[in-house]
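One-letter residues, chain by chain:
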Amino acid sequence: MESLPNRYHPNEIETKWYTVWEKAGFFLPRHPQTGKPIVCDSASKLPSQKPYTIVIPPPNVTGVLHMGHALNNTLQDILIRWRRMQGVPTLWLPGVDHAGIATQNVVEKKLAKANQTRHALGREKFVEEVWKWKEEHGSTIVKQLRMLGASCDWSRERFTMDEGLSRAVRETFVLLYERGLIYRGDYIINWCPRCQTALSDEEAVHQEIEGALYQIKYPVEGTGGFISLATTRPETMLGDTAVAIHPKDKRYQHLRGKKVILPLVKRVIPVIEDEFVDPEFGTGIVKVTPAHDPNDFELGIRHGLERINVLNPDGSINEKGGPYQGLDRLSARKKVVEDLKAQGLFEGEKRHLHAVGHCYRCHTIVEPYLSKQWFVKMKPLAQKALKAQSEGKVVFLPSRWTKVYTGWLENIRDWCISRQIWWGHQIPVWYCVGDETCLLECKQPIVSREDPKKCPACGSTRLRQDPDVLDTWFSSWLWPFSTLGWPRQTSDLRYFYPTSTLITAQEIIFFWVARMIMAGLELVGQVPFHTVFIHGTVRVEGGKKMSKSLGNVIDPLEMIDEIGADALRFSLVMLAATDAFLSREKFELGRNFTNKIWNASRFVFTHLEKDRPKLTSGFWDHEEKLSTIDKWMLAELDQAILETTECLEACRFFDAANIVYHFFWHSLCDWYLELVKPVLMQDAPSERKQAVLSVLTFVLERSLRLIHPFMPFLTEEVWHLLKERVQGDEVSGETLMYAPWPSAQTKGKFKREQEKVNLFQEAVTGIRDLRARLGLKPAERVGDVYMTAKSENVQKAVSEFREEICFFARVDRLTVREKLKKEVGMVGRVYHDLEIFVGGLSEDGLKKEAERTENKISELEQLVCSIDRRLQNEDFRAKAPDEVVSAERERKKNFEEQLASHRENLQLFR
RNA sequence: GGGCGAUUAGCUCAGUCGGUUAGAGCGUUCGGUUCACAUCCGAAAGGUCAGAGGUUCAAGUCCUCUAUCGCCCACCA
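Residues numbered from 1 in each chain as written. Chains lettered and ligands numbered in written order. Predicted model: local features only at pLDDT ≥ 70, side-chain atom pairs only at ≥ 80, totals over all residues. Heavy atoms only, no water.

Attention now goes to the overall build of chain A. Scanning chain A from terminus to terminus reveals 30 helices and 29 strands. Looking at chain A as a whole, 55% of its 910 residues are labelled buried. Counting only contacts in chain A whose residues sit at least 6 apart along the sequence, the fraction spanning at least 24 positions is 77%. When the accessible area of chain A is evaluated, it comes to approximately 41200 Å², of which 50% is carbon and sulfur surface. (Helix = DSSP H or I, 4+ residues; strand = E, 2+ residues; numbered from the N terminus. Buried < 20%, exposed > 50% of the residue type's maximum accessible area, 1.4 Å probe, protein only. Contact = heavy atoms within 4.5 Å. Areas by Shrake-Rupley, 256 points an atom, 1.4 Å probe, with all protein chains shown as cover.)

This part covers the pairing of strand β8 (residues 226–231). The buried count for β8 comes to five of six residues, which makes it a mostly enclosed element. The pairing of strand β7 (residues 204–219) with β8 spans six bridges and is classified as antiparallel. Bridging from a neighbouring strand, Lys217 pairs with Ser228 of β8. In sequence, β7 turns back onto β8 through a hairpin of six residues, with Gly222 there showing a positive phi of about 75°. (Pairing = 2+ DSSP bridges.)

Right, let's talk about the side chain of Asp471 for a bit. Tracing the backbone through its elements, the reader meets Asp471 in the loop between β21 (469–470) and α13 (473–476). A distance of 3.0 Å separates the side chain of Asp471 from the side chain of Trp415, its partner in a polar contact. The residues touching Asp471, leaving out its near neighbours within four places in the chain, are Ser200, Glu203, Trp415, Cys416, Ile417, Arg419 and Arg515. (Polar contact = N/O pair within 3.5 Å; in protein donor to acceptor, adjacent residues only side chain to side chain.)

A few words on the protein's contact with RNA strand B. Taken together, 59 residues surround RNA strand B, and among them Asn295, Arg602, Trp665, Lys879 and Arg891 come closest. Of all atoms in RNA strand B that approach within 4 Å of the protein, 62% are sugar or phosphate atoms. Here a sugar or linking oxygen of RNA strand B sits 3.4 Å away from a polar atom, N or O, in the side chain of Asn592. His662 is positioned with one of its side-chain polar atoms (N or O) 3.4 Å from a sugar or linking oxygen of RNA strand B. Of all the elements in the fold, those that place two or more residues in the surface near RNA strand B are β8, β13 (346–359), α19 (588–606), α21 (653–681), α24 (751–773), α28 (843–872), α29 (874–879) and α30 (882–909). For the surface near RNA strand B, the residue count by class is 21 nonpolar, 16 polar and 22 charged. (Near = heavy atom within 4 Å. Nonpolar A, V, L, I, M, F, W, Y, C, P; charged D, E, K, R; others polar.)

With that settled, the discussion passes to the packing of α21 against helix α22 (residues 687–707). For any two helices packed against each other, the geometry comes down to the angle between their axes and how far apart the axes lie. For the pair α21 and α22, interaxial distance at closest approach is 11 Å and the crossing angle is 165°. Comparing their axes, α22 and α21 come out roughly antiparallel. When you trace α21 past α22, the crossing you get is left-handed. Across from Val660, Phe663, Phe664, Leu668, Tyr672, Leu673, Val676, Val679 and Leu680 in α21, the residues of α22 making contact are Arg688, Lys689, Val692, Leu693, Val695, Leu696, Val699, Leu700, Ser703, Leu706 and Ile707. (Axes fitted to C-alpha atoms, helices over the stretch in contact; angles between N-to-C directions. Parallel < 35°, antiparallel > 145°, perpendicular 65-115°, else oblique. Left-handed = near helix turned anticlockwise from the far one by under 90°.)

With that out of the way, let us pick up the pattern of salt bridges. Applying the stated criterion to the full structure yields 47 salt bridges. Among the ionic pairs, Arg118 bridges to Glu108, the shortest N-O distance being 3.2 Å. Placement of Arg118 in helix α4 (residues 118–121) and of Glu108 in helix α3 (residues 100–113) is noted, with a sequence separation of 10 residues between them. Note on Arg118: relative accessible area 6%, which makes it buried. Note that Asp655 and Arg652 form a salt bridge whose closest N and O atoms lie 2.8 Å from each other. Where salt bridges share partners, they join Arg233, Asp293, Arg329 and Glu367 into one cluster. (Salt bridge = Lys/Arg side-chain N within 4 Å of Asp/Glu carboxyl O.)

Across the sheet, three strands lie side by side as β15-β23-β22; this open sheet has parallel pairing. The sheet is open, and its two borders are formed by β15 (395–397) and β22 (499–505), each paired with just one other strand. This sheet shows a mean twist of 20° between the axes of neighbouring strands, independent of strand direction. Pairing of β15 with strand β23 (residues 529–535) involves three bridges; the strand directions are parallel.

Throughout the structure, instances matching the rule amount to 36 aromatic pairs. Arranged with centres 6.2 Å apart and planes meeting at 75°, the rings of Phe570 and Phe710 form a pair that is edge-to-face. Within this pair, whereas Phe570 is found in helix α18 (residues 565–575), its partner Phe710 is found in the loop between α22 and α23 (712–725), the two being separated by 140 residues in sequence. Taken as a pair, Phe570 and Phe710 share a single burial class, namely buried. Measuring from centroid to centroid gives 4.9 Å for Phe593 and Tyr661, while their planes differ by 55°, and the two rings are tilted. Taken together, the residues Phe593 in helix α19 and Tyr661 in helix α21 connect sequence positions 68 residues apart. Comparing Phe593 with Tyr661 shows no difference in burial state: the two are buried. (Phe/Tyr/Trp six-rings, centres within 6.5 Å; stacked < 30°, edge-to-face > 60°.)

Quick look at unusual backbone geometry now. Residues Trp486 and Pro487 are joined by a peptide bond in cis, for which omega reads 10°. Along the chain, the position of Pro487 falls in the loop between α14 (479–482) and α15 (491–496). Across the junction of Tyr497 and Pro498, the peptide omega takes the value -5°, indicating a cis bond. As for its placement among the helices and strands, Pro498 is situated in the loop between α15 and β22. You will see that Ala99, though not glycine, has its phi angle at about 50°, which is positive. One can find Ala99 in the loop between β3 (95–96) and α3. Positioned with a positive phi, Cys651 is a non-glycine residue whose angle comes to about 55°. Inspection of the secondary structure puts Cys651 in the loop between α20 (628–649) and α21.

A word on the sheet that holds strand β18 (residues 429–432). Strand order in the open sheet made by the three strands is β19-β18-β20, with antiparallel pairing throughout. Sheet topology places β19 (446–447) and β20 (463–465) at the edges, where each strand pairs with a single neighbour. In the sheet, β18 pairs with β20 via three bridges, with the strands oriented antiparallel. Each residue of the ladder has a partner; that of Trp430, found in β20, is Gln465.

Before going further, it helps to examine the confidence of the model for chain A. Parts of the prediction with low pLDDT should not have their coordinates interpreted in detail. Taken residue by residue, chain A gives an average pLDDT of 86. The fraction at 70 or more is 88%. Contacts for the low-pLDDT stretch residues 806–816, under 50 throughout, to residues beyond four places or in other chains number 40 contacts. Interface scoring of the predicted complex returns ipTM 0.94; its pTM is 0.92. (pLDDT = per-residue confidence, 0-100.)

This part takes up the nonpolar core. Met67, Phe173, Leu409, Phe474, Met518, Phe653 and Tyr672 are the most contacted members of the largest nonpolar core, which has 189 residues in total. Here the element with the most residues in this core is α21; it accounts for 18 residues. In terms of nonpolar packing, the next biggest core, distinct from the first, is built from 36 residues, Tyr218, Leu229, Leu238 and Phe346 among them. (Core = buried A, V, L, I, M, F, W, Y, C linked by side-chain atoms within 4.5 Å.)

In this section: the environment of Trp133. Secondary-structure assignment places Trp133 in helix α5 (residues 123–137). Considering only alpha carbons, one finds Trp133 and Thr62, 71 residues apart in sequence, at a separation of 9.5 Å. Beyond its immediate chain neighbours, meaning those up to four positions away, Trp133 contacts Val61, Thr62, Thr103, Val106, Val107, Lys110 and Gly138.

Printed below as a string of structure tokens:
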């Protein structure tokens, strides 16, 4: 057997295993009885057992893996691998989102480098270019997910613009249109002048900026007087069609029914009264621009005002803006202010903090803009989604996110779904542009699942499809069922829908999670998933979000290259229990753990070289061959198994990782491995050695299973190395991926052993502490170490460990207190009812120990005092549960005994 | 402006039903490498649980207020 390097080198091992797994089809869901892959629309019978399904939050096709993805997908992979090991048919369905605006931007940028524009190219050619780009670069993130170890079923990989999903999008649009849930109309939407498209409310991100509040004067018609009003966007006055006051505002009663002259454009506009106006804000008079402000738009409807759109799609002033035509909105703002100043109508400006919408993509300030768009009527959908939650059909974890979800749904507004871009699902609506005489009848748009050939009204074949495409999220919200074949009733849809768990970040609860729930309920009639787990946001140290634009990224791919995917995964889970602040150093945690597992395994292997012992759980039938420490080890393993399972069930990833970490490192390596070393070092074969090897290999093997969901590559590698070195059916099968998830077997029957070892550990720690404090070198033989124990039980337990304690601290005699009194230079420490003494001390050492003991005594005295106070309280005795009261009494007794021992010891030292 | 969350060791965070002397990792200090791993082992030090009230026999834990920080949402021009 070749010798293994003393450090773990992950790179080749990870590549090797991923290839093996994928080729072998291990990621496909499997029939629990036959073990055969479950293929979509297969003729074979579906299992009766409920599957475990996760659909991936599809990353953008333009994306590269960042830490957020790494965390998100690690958590999904942990659940999937864990359930797979439990023998559940498990599907993790991967895919990629076409990311309309983002992708279009990327390709446009590429064209710009070649001095090209999409307009010059034309729509058809441009879309071809995007597809070409997608073929070349679109699988980047998918490859990176593989590097992370994601055990997705790649045979089911989907793309939001592939044929099936496009059909689902069309079906949805038509269905919702038929149900009266999609409509088209002129409304104020968020317009990004740079992307030149409408955005949904969620895509217009409010950010606080420091603007100015400008106060200006409008002359009142026919009176020679003026009114003052305040605005943050003076240039929009070009589109004013009224000014408004509060009907009860005493200051402005004289303005009722009056008209004002709009400066610069000289338009005469009415003074209207509306409750909406807040008399407290500004001057109490507000300019009304129905085409450029959502409130003013509503005002305009109530008062029948004209809507004058003064902006071009690129944000410049259009012909309605007279002399300002052609100026960008911000230049126009300056010019308007200047001109007002020149005319003496400007009354000043003051700094003003306010939240302004920014394009989520390019961060340009968006303009409220009047235009004709398609909308989804959200209230009816939201009702269903709220009901599903209140009935417990969807559960959010951690539960506080529930309120975020319901709060949004309760205040939902209609969803603007049309986008004026070219990359995406073109809206399945056609308009007849044929026969002029037919125009009246043909005004009705043709909304169709199939491309229509002719106008159903006039028969004209001159049809024009709506040029807009749908919001990317209009395909994403169908993801949990469109990927399974919907609207076709595939076997996948029947078997895997609804899915089990959705794992995602907080940012897309509105964009995606809530909308998926609405779509699932409306279109399939069931929630798309039962549990939504929201994980923390990954940030860099200092608190900023980690993002490419801030240049503060810790690249997960670099980390994989340096320390391996397993180490990255484990570190992330340990670090990102809540919102996490990361730094490169923190990833050492995972790296060190991989190395620890590697080396512990290597150590075990060195003792397996000779005879390829049988790895068996058979020792359960021969308990008499197991020592206390063996039984303790097995009990610890079981505890780790139970706790890890419990945590995974509750999506408590950090706790689960923490448990396996401590179990492996501290219980297995620091205690068990160290304790059995002397046995293993013996050259001669012995029954004891056999027993130890059995337990050791068994525990190692079970640990590998337990750790596998977190660190799949390393555990698979070590598992195979172990397999080569032992015999027996405990290590069978081709892969650890399908090794059954461990179950507890000791069922508490080694409780006594656990208690004994805990006591022993305390004793050993005490001895080490003493030795360290006394400055004894490890090899230095000191006088004697004595142990005394008051109760017989403890005495027995301790004598059982004489051998082990010798190994650490040389217990030469087990004796009793009486004998000790005769010795000189003793120092002692008390552990419950166990005492340890070391002899042969200097004067100085004795003095220090006396001081320590005095401190300890006063600490204990205080404790006893406070317990006493409690016990003397009548209310406590009367109202506290009996077991609490008796526990207090017990504690007091304990402390008093310790106190007595320490006092006696103090005498010894003096 | 509204909502949510946080505040516990030098740092990052656990702490479940209110009940033992409040825990871990990192960092620090001290000691240690022939015998798997210095990416290691052993030990220690380190806490007014943000502050103030309240409920309770009992509060890190429940309630109220205050302060600071973070996040999300929002059409006061």
